[in-house]
Amino acid sequence: MSVVIRTKNRERLFARALDDVLAQEFTEWHLIVVNDGGASAPIDTVLADRERALNGRAEVIHVDGGTGSMEAAANLGAQRARGEFVIIHDDDDTWAPQFLRVMVKALDADPDAVAAAARTEIIFERIDGDRSIELGRAPFVPPGEMVTIYDLLQTNRVVPIGLLVRRRVYDEIGWYDPALKAVGDWEFNLRLVRHGHVPLVGEEPLAYWHQRPHATGAASNSVFGESLDHMQFDRLVRDRAIKEYVDRNGIGGLLYLSKYIEETVRHYSLQQTIRRAMSRLGGNIRFRRR
């Protein structure tokens, strides 16, 4: 199997991610580092310091000028993958030591599954010099026992650090869309769950999505540092899907539904406003159906 780390000018975080992979109980992996436009010397130094532990299991791709998007960087690494499974390990995220062992075992036991998703926990942190200071934790998991379109329609429910994918699936459904500078993992997940079964693995979190809400520059998360891009590309993905739906089914049903929802929400909001006003006046009001 292959682990792809995409990184850019975050050598301290990259070193933590590399140590995270080296700490895995499952050791039959090949590491592909995609240095997406960052300085090459710091990456080479971090790798050289761990040369003995890596034992020939790593290669690095230095991309002069960058690929243009995180999705293109993920594709570049995944296309070099070896073996049956591939996972994207961003340079600022981490795993429990048993992550790869448990996830590989889950997919080996379920040949119909196209991928497996780990229960994931958000770790809020702050970077202070060479230290990462944990500020708190929160769960980040969809309900149920599998990842579904139902869960994904509103927002992404599985981040790359928690998703082990069969390598053949990329050939079957396509790669990450390099035109999406944000939400590319969500768009890929929407295609993935349409293609096949994606179970949730484990009762406890195995993957950790690190977030730094107040960080700026290279240390920031794209979900915060590029929040406008997330909103714009979220709309783009939805607009594409709506156009495909309209081409097949016409626009009538969507026109009706959008107006019905608007009027229902407005009516409910008006009722709530009247109730609050009457409550302040010390009275009450009942609404009767005609």
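Notes on the structure follow. Bear in mind the structure is a predicted one, so any value in this text is a computation, not a measurement.

1. A short note on the layout of surface pockets
Then, in step 1: In this structure, the second largest pocket encloses a volume near 710 Å³.
Then, in step 2: Around the second largest pocket, the lining comprises 16 residues; the ones closest to its centre are Leu190, Val237, Arg238, Ala241 and Ile242.
Then, in step 3: The set of elements that each furnish at least two residues to the lining of the second largest pocket consists of helix H8 (184-195) and helix H10 (227-249).
Then, in step 4: In terms of residue class, the lining of the second largest pocket is made up of nine nonpolar, no polar and seven charged.

2. Let's talk about the nonpolar core
Then, in step 1: Judged by nonpolar contacts, the single largest core of 39 residues is most densely connected at Met1, Val3, Trp95 and Phe99.
Then, in step 2: Formed by 35 residues, the second largest nonpolar core is a distinct cluster that contains Val4, Ala73, Ile173 and Phe188.

3. So, the environment of tryptophan 29
Then, in step 1: Relative to the elements of secondary structure, tryptophan 29 occurs in the loop between helix H1 (11-22) and strand S2 (30-35).
Then, in step 2: Here the alpha-carbon distance between tryptophan 29 and arginine 82, two residues 53 residues apart in the chain, equals 8.6 Å.
Then, in step 3: The residues touching tryptophan 29, leaving out its near neighbours within four places in the chain, are Met1, Val3, Val21, Leu22, Leu54, Arg57 and Leu100.

4. A word on unusual backbone geometry
Then, in step 1: A positive phi angle, near 50°, is found at asparagine 55, a position not held by glycine.
Then, in step 2: Along the polypeptide, asparagine 55 turns up in the loop between helix H3 (51-54) and strand S3 (58-62).
Then, in step 3: Relative accessible area serves as the criterion here: at 61%, asparagine 55 is assigned to the exposed category.
Then, in step 4: Located in the positive-phi region is valine 183, a residue other than glycine, with phi close to 60°.
Then, in step 5: Counting through the fold element by element, valine 183 comes out in the loop between helix H7 (167-173) and H8.

5. Overview of the packing of H1 against helix H2 (residues 40-49)
Then, in step 1: Where H1 contacts H2, the axes come no closer than 10 Å and their chain directions differ by 30°. Here H2 runs roughly parallel to H1, going by the angle between their axes. Helix-helix and strand crossings are classified by hand; for H1 and H2 the assignment is right-handed. On H2, the residues touching Glu11, Phe14, Ala15 and Leu18 of H1 are Pro42, Ile43, Val46 and Leu47.

6. Regarding the pairing of strand S1 (residues 2-7)
Then, in step 1: Of all six residues in S1, six are buried; the element is thus mostly enclosed.
Then, in step 2: Every second residue of S1 is oriented toward a common face, with Ser2, Val4 and Arg6 on one face and Val3, Ile5 and Thr7 on the other, all of them buried.
Then, in step 3: As paired elements, S1 and S2 share six bridges and run parallel to each other. Considered in S2, the bridge of serine 2 is made with histidine 30.
Then, in step 4: Running through H1, the crossover from S1 to the neighbouring parallel element S2 is right-handed.
Then, in step 5: Pairing of S1 with strand S4 (residues 85-88) involves three bridges; the strand directions are parallel. In the strand pairing of S4, valine 4 is matched with isoleucine 88.

Conventions adopted
- Residues numbered from 1 in each chain as written.
- Predicted model: local features only at pLDDT ≥ 70, side-chain atom pairs only at ≥ 80, totals over all residues.
- Heavy atoms only, no water.
- 1 Å grid on protein atoms, 1.4 Å probe; cavity = no way out; pocket = protein on both sides within 12 Å on 5 of 7 lines; lining within 4 Å.
- Points joined across faces, edges and corners; volume = space filled by probe spheres on them.
- Helix = DSSP H or I, 4+ residues; strand = E, 2+ residues; numbered from the N terminus.
- Nonpolar A, V, L, I, M, F, W, Y, C, P; charged D, E, K, R; others polar.
- Core = buried A, V, L, I, M, F, W, Y, C linked by side-chain atoms within 4.5 Å.
- Buried < 20%, exposed > 50% of the residue type's maximum accessible area, 1.4 Å probe, protein only.
- Contact = heavy atoms within 4.5 Å.
- Axes fitted to C-alpha atoms, helices over the stretch in contact; angles between N-to-C directions.
- Parallel < 35°, antiparallel > 145°, perpendicular 65-115°, else oblique.
- Left-handed = near helix turned anticlockwise from the far one by under 90°.
- Pairing = 2+ DSSP bridges.
- Right-handed = clockwise from strand over helix to strand, strands pointing away.

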